[in-house]
Amino acid sequence: MTMDKSKISFTLNGAPVSVKVPPLTRLTDVLRDELGMIGTKVGCDAGDCGACSVLMDGETVCACMVPAGRLEGRHIVSVEGLGEAEALSLLQKSFLHYGAAQCGICTPAMLVSASALLAKNPRPTTEEVQNGLGGVLCRCTGYQKIIQAVMTASDFSEAPVEADQGDAVGSRLQRVDGVQKVLGTDIFGGDEAPEGALVVKAVRSPFHRAGFVFGDLAAYVDTHPGVRVVLTADDVPGVNCFGVIAPMADQPVFAETQTRFKGEAVAAVVGDAQTMKAFDVDLFPITWTELVPLLTPQDALKSDAPQLHADRPNNTLMRGVVQRGDLDGQFAAADVTVEGNFQTGFVEHAYIEPEAGFARRVGDRIEVQACTQAPYMDRDDVAKILGLDVEDVRIIPTSVGGGFGSKLDLSVQPFIALAAWILNEPVRMTYTRPESMMSTTKRHPSKVWAKISATKDGKLAAMDFDGVFNTGAYASWGPTVGNRVPVHAAGPYIYPAYRAKSHSVHTHCAPAGAFRGFGVPQSSIAQETLFDELANKLGIDRLEFRLKNALVNGAPTVTGQVFESGIGFKECLEALKPRWRAALDAADAFNSSTAAGERWRGVGIAGMWYGCGNTSLSNPSTMRVAITPDGRCVLFQGAVDIGQGSNTVMTQICADALGLKTSHFELIGGDTDVTADAGKTSASRQTFVSGKASYLAGRNLREKILHLVNASDGAQIELSGDVLNILDQGTSQRIELASLDTCDDGFVLSGEGTFDPQTTALDENGQGDPYAAFGYGAHIMELEVDTKIGAIKLIRLTAAHDVGRAINPMLIEGQVEGGVAQGIGLALMEEFIPGRSENLHDYLIPTTGDMPQVDTILVEAADPNGPYGAKGIGEQVLIPTAPAILNAIYHATGARVTQLPATFGRVLDAINDSKRNQ
Amino acid sequence: MAYLLASSVQEALSCLSQSRHTILAGGTDLYPAAGERTIKGPVLDVSRLEELKGVSLEDGEFRIGGLTTWSEIVAADLPPQFAALKMAAREVGSVQIQNVATIAGNLCNASPAADGVPPLLALNAEVELMSQGGVRRLALADFIYGNRRTALAPDELVSAIYIADDLKSCVSHFAKLGARRYLVISTIMVAVVVELDADGLIAQARICVGACSEVAQRLSTLEQALVGADLNEVASRLQPEHFENLSPITDVRATAQYRQATAIEMVRRALNACGEKLQ
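Note that the structure is predicted; figures quoted are calculated from it, not measured.

Novice: Tell me what's going on with the overall build of chain A, and back it up with residues and numbers.
Specialist: On a plain count of helices and strands, chain A comes out with 22 helices and 31 strands. Here the C-alpha coordinates of chain A stretch approximately 80 × 80 × 60 Å along the principal axes. When the 918 residues of chain A are sorted by exposure, 66% land in the buried category. Across chain A, every contact between residues at least 6 apart in sequence was considered, and the portion connecting residues at least 24 apart equals 77%. Accessible area of chain A: about 30,100 Å², with a carbon and sulfur share of 48%. A gap of 5 Å separates the mean positions of the 76 positive and 108 negative side-chain charges of chain A.

Novice: Lay out the confidence of the model for chain B in plain terms, naming residues and giving numbers.
Specialist: Summarising the model, chain B shows a mean pLDDT of 96, and 100% of its residues fall at 70 or more. Predicted complex metrics record ipTM = 0.97 and pTM = 0.98.

Novice: Hey, could you go over the sheet that holds strand 12 (residues 316-324) of chain A for me, with residue numbers and the actual values?
Specialist: Residues and elements named next belong to chain A. In spatial order, the strands read 12-20-19-18-13; together these five strands make up an open sheet with mixed pairing. Whereas interior strands pair on both sides, the edge strands pair on one side only; in this sheet they are strand 12 and strand 13 (336-344). Neighbouring strand axes in the sheet, compared pairwise and without regard to direction, differ in orientation by 5° on average. Pairing between strand 19 (residues 460-472) and strand 20 (residues 497-506): ten bridges, direction parallel. Bridge pairing in strand 20 places M463 opposite Y498.

Novice: Help me get a handle on the interface of chain A and chain B, residues and values and all.
Specialist: Taken together, the 62 residues of chain A in the interface contact 44 residues of chain B. Between chain A and chain B, roughly 4,300 Å² of surface is buried when both sides are summed, and carbon and sulfur atoms account for 56% of that area. Looking only at chain A, the three residues that lose the most surface to chain B are L24(A), M65(A) and R70(A), adding up to 18% of its buried area. The interface formed by chain A and chain B contains eight salt bridges. One salt bridge connects D280(A) with R37(B), and the closest N-O pair in it is separated by 3.2 Å. Applying the counting rule to chain A against chain B returns 23 residue pairs in polar contact (both at pLDDT 80 or more). Residue assignment for the side of chain A that touches chain B shows that the elements contributing at least two residues are strand 3 (53-56), strand 4 (59-62), helix 4 (126-133) and helix 22 (904-917) of chain A. When grouped by side-chain class, the residues that make up the side of chain A that touches chain B number 25 nonpolar, 18 polar and 19 charged.

Novice: Can you lay out the packing of aromatic side chains for me, pointing to particular residues and giving the numbers?
Specialist: Residues and elements named next belong to chain A. For the structure shown, the criterion picks out 21 aromatic pairs over all chains. Residues F214 and F284 carry aromatic rings whose centres are separated by 6.2 Å and whose planes lie at 85° to one another, so their mutual orientation is edge-to-face. Placement of the pair is F214 in strand 7 (residues 210-214) and F284 in the loop between helix 8 (273-277) and strand 11 (286-290), with a sequence separation of 70 residues. Between W609 and F774, the ring centres sit 4.3 Å apart and the planes meet at 10°, which makes this aromatic pair stacked. Placement of W609 in strand 21 (residues 599-611) and of F774 in strand 29 (residues 774-786) is noted, with a sequence separation of 165 residues between them. The rings of F212, F214, Y220, F284 and W288 are connected pair by pair, giving a single aromatic cluster.

Novice: Now, about the side chain of K86(B): what can you tell me, with residues and values included?
Specialist: Residue and element names in this part refer to chain B. Along the polypeptide, K86 turns up in helix 4 (residues 83-90). Among the polar contacts made by the side chain of K86, one reaches the main-chain carbonyl oxygen of V74 at a distance of 3.2 Å. With residues near it in sequence (within four places) discarded, K86 still touches I73, V74, A75, A76 and L78.

Novice: So what's going on with the packing of helix 4 of chain A against helix 5 (residues 144-152) of chain A? Which residues, and what values?
Specialist: Residues and elements named next belong to chain A. Running from N to C, helix 4 and helix 5 cross one another at 110°; their axes reach a closest spacing of 10 Å. One finds that helix 4 runs roughly perpendicular with respect to helix 5. Crossing of helix 4 against helix 5: the hand is right-handed. Contacts between helix 4 and helix 5 involve T126, V129, Q130 and L133 from the former and I146, I147, V150 and M151 from the latter.

Novice: Can you tell me about the pattern of salt bridges, naming the residues and giving the values?
Specialist: All names here are of chain A. One pass over the full model with this rule turns up 73 salt bridges over all chains. With its nearest N and O atoms 2.8 Å apart, the salt bridge here joins R123 to D155. Of this pair, R123 sits in the loop between helix 3 (107-120) and helix 4 while D155 sits in the loop between helix 5 and helix 6 (178-183), and the two are 32 residues apart along the sequence. Relative accessible area serves as the criterion here: at 46%, D155 is assigned to the partly exposed category.

Novice: Pulling in residues and values, what's your account of the nonpolar core?
Specialist: Within the largest apolar cluster, 160 residues are counted, with the highest numbers of intra-cluster contacts made by F95(A), V150(A) and Y495(A). Grouped together as the second largest cluster of nonpolar side chains are 76 residues, L107(B), F143(B), C170(B) and F174(B) included.

Novice: Account for the pairing of strand 23 (residues 633-636) of chain A, with residues named and values stated.
Specialist: All names here are of chain A. Burial along strand 23 is two-sided: the face carrying C633 and L635 and the face carrying V634 and F636 are both buried. Pairing of strand 22 (residues 621-627) with strand 23, which is carried by four bridges, proceeds in the antiparallel orientation. Along strand 23, the bridge assignment pairs R624 with F636. What sits between strand 22 and strand 23 in their antiparallel hairpin is a turn of five residues, with G631 showing a positive phi close to 90°. Both strand 23 and strand 24 (residues 665-668) contribute to a ladder of four bridges, which runs parallel. Bridging from a neighbouring strand, V634 pairs with E666 of strand 24. In terms of handedness, the path from strand 23 via helix 18 (residues 646-658) over to strand 24 forms a crossover that is right-handed.

Novice: Go over unusual backbone geometry, please, and point to the residues and values.
Specialist: Residues and elements named next belong to chain A. Each neighbour pair has its own omega, and for L900 with P901 the value is -5°, a cis peptide bond. Looking at the element boundaries, P901 is found in the loop between helix 21 (881-893) and helix 22. Of note in the backbone geometry, D45 takes a positive phi value of approximately 55° without being a glycine. Within the secondary structure, D45 sits in the loop between helix 1 (27-34) and strand 3. Its identity is not glycine, yet F518 carries a phi of approximately 45°, on the positive side. Relative to the assigned elements, F518 resides in the loop between strand 20 and helix 15 (520-538). Assessed through its relative accessible area of 3%, F518 is described here as buried.

Novice: I'd love a proper account of the packing of helix 2 (residues 90-98) of chain A against helix 5 of chain A, names of residues and values included.
Specialist: Residues and elements named next belong to chain A. Relative to each other, helix 2 and helix 5 sit at 140°, their axes nearing to 9 Å. Taken as axis vectors, helix 2 and helix 5 run oblique relative to one another. Two packed elements cross with a definite hand, and for helix 2 against helix 5 that hand is right-handed. When helix 2 is examined against helix 5, the residues L91, S94, F95 and Y98 are found in contact with a partner set consisting of K145, I146, Q148, A149, V150 and T152. Residues that form the contact of helix 2 with helix 5 fall into these classes: six nonpolar, three polar and one charged.

Novice: Break down helix 12 (residues 413-423) of chain A for me, with residues and values.
Specialist: For helix 12 of chain A, the buried fraction is high: ten of the eleven residues fall into the buried class. Just downstream of helix 12 of chain A, N424(A) is the residue with a positive phi angle, here 55°.

Novice: I'd like a rundown of empty space enclosed by the protein, residues and numbers included.
Specialist: Residue and element names in this part refer to chain A. Counting across every chain of the model gives eleven cavities of 30 Å³ or more. Considered as a void within the structure, the largest cavity measures approximately 530 Å³ in volume. Forming the boundary of the largest cavity are 39 residues, of which Q644, S684, Q815, I873 and G874 lie nearest the centre. Of all elements in the fold, only helix 18, helix 19 (686-708) and helix 20 (809-828) reach the threshold of two or more residues within the lining of the largest cavity.

Novice: Could you give an account of helix 19 of chain A, naming the residues involved and the relevant values?
Specialist: The first and last C-alpha atoms of helix 19 of chain A sit 32 Å apart over 23 residues, in line with the 33 Å expected at 1.5 Å per residue. Count one or two residues on from helix 19 of chain A and you reach N710(A), which has phi positive near 60°.

Novice: Lay out the pairing of strand 25 (residues 716-720) of chain A in plain terms, naming residues and giving numbers.
Specialist: Walk down a regular strand and you will see the side chains alternate between the two sheet faces. Residues and elements named next belong to chain A. Only one face of strand 25 is buried, namely the one carrying I717 and L719, since none of Q716, E718 and S720 on the opposite face is buried. Where strand 25 and strand 26 (residues 723-728) come together, five bridges link them in antiparallel fashion. Note on strand 26: the bridge partner recorded for I717 is I726. Linking two consecutive strands that pair antiparallel, namely strand 25 and strand 26, is a turn of two residues; a positive phi of about 60° is found at G721 within it.

What counts and what doesn't
- Residues numbered from 1 in each chain as written.
- Chains lettered and ligands numbered in written order.
- Predicted model: local features only at pLDDT ≥ 70, side-chain atom pairs only at ≥ 80, totals over all residues.
- Heavy atoms only, no water.
- Helix = DSSP H or I, 4+ residues; strand = E, 2+ residues; numbered from the N terminus.
- Buried < 20%, exposed > 50% of the residue type's maximum accessible area, 1.4 Å probe, protein only.
- Contact = heavy atoms within 4.5 Å.
- Areas by Shrake-Rupley, 256 points an atom, 1.4 Å probe, with all protein chains shown as cover.
- Lys, Arg positive; Asp, Glu negative; His and termini not counted.
- Charge placed at Lys NZ, Arg CZ, Asp CG, Glu CD.
- pLDDT = per-residue confidence, 0-100.
- Pairing = 2+ DSSP bridges.
- Axes fitted to C-alpha atoms, helices over the stretch in contact; angles between N-to-C directions.
- Buried area = accessible area lost by both parts, 1.4 Å probe.
- Salt bridge = Lys/Arg side-chain N within 4 Å of Asp/Glu carboxyl O.
- Polar contact = N/O pair within 3.5 Å; in protein donor to acceptor, adjacent residues only side chain to side chain.
- Nonpolar A, V, L, I, M, F, W, Y, C, P; charged D, E, K, R; others polar.
- Phe/Tyr/Trp six-rings, centres within 6.5 Å; stacked < 30°, edge-to-face > 60°.
- Parallel < 35°, antiparallel > 145°, perpendicular 65-115°, else oblique.
- Left-handed = near helix turned anticlockwise from the far one by under 90°.
- Core = buried A, V, L, I, M, F, W, Y, C linked by side-chain atoms within 4.5 Å.
- Right-handed = clockwise from strand over helix to strand, strands pointing away.
- 1 Å grid on protein atoms, 1.4 Å probe; cavity = no way out; pocket = protein on both sides within 12 Å on 5 of 7 lines; lining within 4 Å.
- Points joined across faces, edges and corners; volume = space filled by probe spheres on them.
- Expected span 1.5 Å × (residues − 1).

Right, here's the structure in full:
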C-alpha cells in the first residue's frame, strides 16, 4: 500500500468526496487547496492555535495534523457543514447576536469546536465552554462574547436587532459583514488566488546579523524544474526601500550586503505551487557569515558599536521631548516623591491570520490583493518599489484576520508584486507562522525611568520621565512611538511641571513598529504604578488621588493644549467608584478569612488617555455614498475593517446622517481603484476621523436629495424600490431614481465627505495641539496572588471608557474585552525573544481560561468634532490593563513587579524582595 | 515518499523489520516538528491498528493500548490510582490534541515536559515493545532515558502500557504549572499516588516531578520518608534534600532556581489534595 499520490474517499459535510494527493498531505491542504473549502483556516500548522479545527467522526481535531492517508471512510465536518446563508444554525445566530465574531479568522474553528461540545452537552457551564474551546486561540474578542454565545446557543431565539430610521447610532446592531464570518465564506488574505498562481517563498537570514554571498542562482533555477525565477535586490526595478513614514523609509525588500535582523529577506524563489510546496531552503545557494549582533539599546549605544544606518549616528532613530513648567522648582517644593525603573520586552501581535495575498499584472498596472490595514500606503510603497506611478498600482484589501498595528507595514506585498510584475503571471504568498513572527513588526521593548512628586494635599507637583525604546533594525513606526510617548507618559492628569524624553535606538532585532497603543501601554506602566506608591505615601485612596489630579475641561494638558469640552476622565473614575469600594471590601474580607491561606487578593486601578489620529500631522479621510437608478444605496467604505467593526460603524453613522435605514446600505470595500483614501486603520482614528467623513458624506447626499424637491432639513426620506419619498411638513414628494441623469459611474445621486482633524505642530518643547481629541478611561482589576508560587488568578475587570458617543455599544464592548485580553498578555505572559519564540507554543497569548469576567461601563462625554460626539476606542482599551494588574499585585502583596511579563518567577522574586525590605 | 497505512500489527512489524520508518500515530508531534517541510519518509501510519487501542484489565494488570488517545483515557472507567493519569490527560494540549494524540506517542516523543510521563512513572508503568522478533517489556523508567531519547529499537512499536493492579486503598493527584490555562507546555508537573494502610496512614507514596530534569523523576527518598505518615500531616516531612535528584534548567518558561523551589511547594499541595480527596 506504499504510494505516492493516491485516491482517497471520505465524507465531507455529509457528501462523498474523493481527492488524489500524497498521503502525508495535511487535511487543511486537502480542504483548502484540493476542495476549495476555505472556511477552515491555517494559523500555525502546529496545533498551537486551533484555527483549523474540524470534526473527524464527530470529534474536534486540528486538520493541520491529520494526514490525508488516513481519511479513507472518515466523516469530516467543516464550518461549511454547520449552516447555510438562509438557514443559519442557532449557534451561528447566537454568534452574530452577541458579537462573538470580530475579525472572524478564528470563528469557523470556534463554531466547529462549540458544535462538538453542544452535541454532547447542550447547556454547558462557563467552565465547560472554556474547556471545550481552550484549544482555539482568538486574539480579538477576549472570549467573553464567544463563551456567552455558546452557552445560550441551544435555546437561542432572539430576533436580530434592527434600528429604526435615524436610530442606528447607539444601537447594538449586528456586524453588517457578520454572516460571511459565521459561514466561513469571508475571504482573508490566503483564501483566494487566480487558478494556477505561482507561489513565492522568501529566503531569510538565519542570523540576527549576517553577511552573505549568493552561489550560482541561474544554475539553481536551471536545476530545479518548476522554479521560475529567483529574485534579489538586483531585480527591484524601482527603489529597494520602503517604510510607513516616507521620509524615514529605510527597509529594503531584499537586504543587499548584510542582514540586520533574523528573518530579513535576501531573496525570493518563485515557482509553481507543487514545486514550492517541497521548497527546501537548505538547497538554496547562499553562504552566510554570522556577525556579532547588537540586541539591546545598551549595546547599540556603546561608543564602539557598529552602526546600523550610516545616516543615523549612535544608532539613534530619534529623540522626543515634551516639557512644561519649572521642573526643578516643583520637585524641590514637593512633599512626597517616588521613582522607579521599568522594563518591557518585545510583544508579538499574534493575529491568527498570517500575512497572505496575491498579485497580478494587468497590462502595465499591478494589482495586489492582500490583508492590510493601510491600502493607500501600500499602494504608494509598491509603486515606489516597482518604479510605477501610484495610479498604476491597485490595492484590494481582503478581510483582515487581525492586525493590531502590524499589518500597517508591508509584508508579502513587495514579493508578490515584484514577482507578478516580472513574470507577468499571478503570484501568491502566505507566510508561515514562524516567518510571520520573525519578520514582521513588534511592540517596542522599553526601559523607563520615571520620578513623580506630589504635595501633601495630594496634588501632583512634577513628573520626570526618560524612556529608551528598542526600535529594531528599521524605522517602521518608531518615530510615532518616540513622539507619542512623551505626550502620553503623563496620563490624563494635571501637572504644574512635566518633562518626558524618549530615545529610539536601532538594534539587530525585528523592526519594532505599531502595536495597539504606540508605546503608551509601556509608559503608562511607569506612571500608573508610581501613582499608587504616591497615593499610599500620602495616605490617600488610590482612586481619589487620581480624581484629585484628573485632567478636566479647560485645564492645559502637558503639551499646553486646552479642551473646552469632551474630557470625560473624571466621569470614568466616578463611574468606577461603586465597584472600587465593593472590590476593596471583598479583598479585605477574603484576606482576613481563613480561606486566604497562601493566596492574597488585591485590587488595582489605572487610568488612561490616548490621542485619536496622527500626532500633529494631517490624516484625512474621505467617504462617499451614492444611489443607483434601481435604488441601491452604496457606501464606498475605505476604512479597512480589521475586526473592530468599521464596516458596521460607518454604515450606522452614514445611515443616520442620510436618514435611511442601515438595511438599505451595501458596502464597497477599500479597493484603491474604487474607494477614496480613508487613511489607515490605526491610532484609534477610524470612528473619529472616517466616521466624521461618513457623517459628512451622508449629510451631503441628504442635502442633494432634499434640494431636488426643495424640502427642509427636517424632512424624512424613505427609499422604496427605485423611488425616494420625501415627507416634509405633511406633504409627500416622489423622486423616481431612474428618471434622474446617471453619472459615468452608474449612480444618480452621490454625496461625499472629507474630514481632517485639526492639529498643530509641536514646538521644540513639545508644546502644541497634537490631537483633535483624546479618549479616556480607567480599569479596575481584582485578582488573587498565590504567594508561594507567584501565580496570578484574575477575577474581575471593570472598565470605564469615555467614548464620546457609543456608536455601537456591542462592538465597543468587544473592543474592551479584546483589548483587556491583550493587556493581560502583556502583563502576565507575552514576550517575544528574537530567535527563540517564533511559534505559538513558546510565545503564549491568553486562552479561554485566562480571562477574568470583564464588565464595561461606557461614558459619553461628547467630542465637539467627532461624529455624533464619538471618539476612538481601539487602543484606549489595552492601555490601563497591565498597570491595573501590577497595582493589584502590589495591593495584595506589597510587591512591586517592574519587569514585564510578570511571570510566576518574577512575581515570586518581587514578593521575596518586598519581604526582605520590610 | 513512501507511506504505509498498516492494516494489522503484523503488517506494521513486518514493515519495520524491513527498513527504518518514522512511525506516525496521532501526528501531533510529527507535523509540528516538520513545520513547512514534508515529513521525512518513509512513514508507517499505525492509526488503524485497532488491537493497540483501548483500556482493559487482564490477569491482574491494566493494559492501555499504545494507540489509546488521551480522550479515551479520560473517558475510561479506572480505579483511583489512575486519577493522576486522567488529570494529566486533560492537560495534554487541548481537546483537539487529546482526541488524536496517543499515550505511546507521548512516551516515544520523550519530551522532558511530557504530561503523561509523571503519572505513569508514579504508577510503575511498564512499556511493551513489539517487533517481528517478539515482545519485550521495560519499566517506563528504563524506556525513556533522556531528552527525546528512548530504548525503542528501529524495528519496534510501543504496543501497550501495563500497570499492575497492586494497589488497594489509594488516592492520586496530578498538578501542572503552566503560564496559561490551556495549550501550554508544562513548567513543572507533579504526580502523586499514595496507598494507605488499614489505619489510614501512608503505606507507600509514589511521587514524581516532571519538567525539572531531562526525564521526569521519582523522589525516592521522599517516598521513603513519607511511609507511615498521616496524609494530612506530611508537610513537615518535606525537606529540600528530598528534591536533590531534580536537575532543572533555565528556559523561556522559568529559571532553574524557580523550578527547584516551586517543585517542593507543588508536591506539598499535591499531597494535601490527596488528603482532601479522602475526606
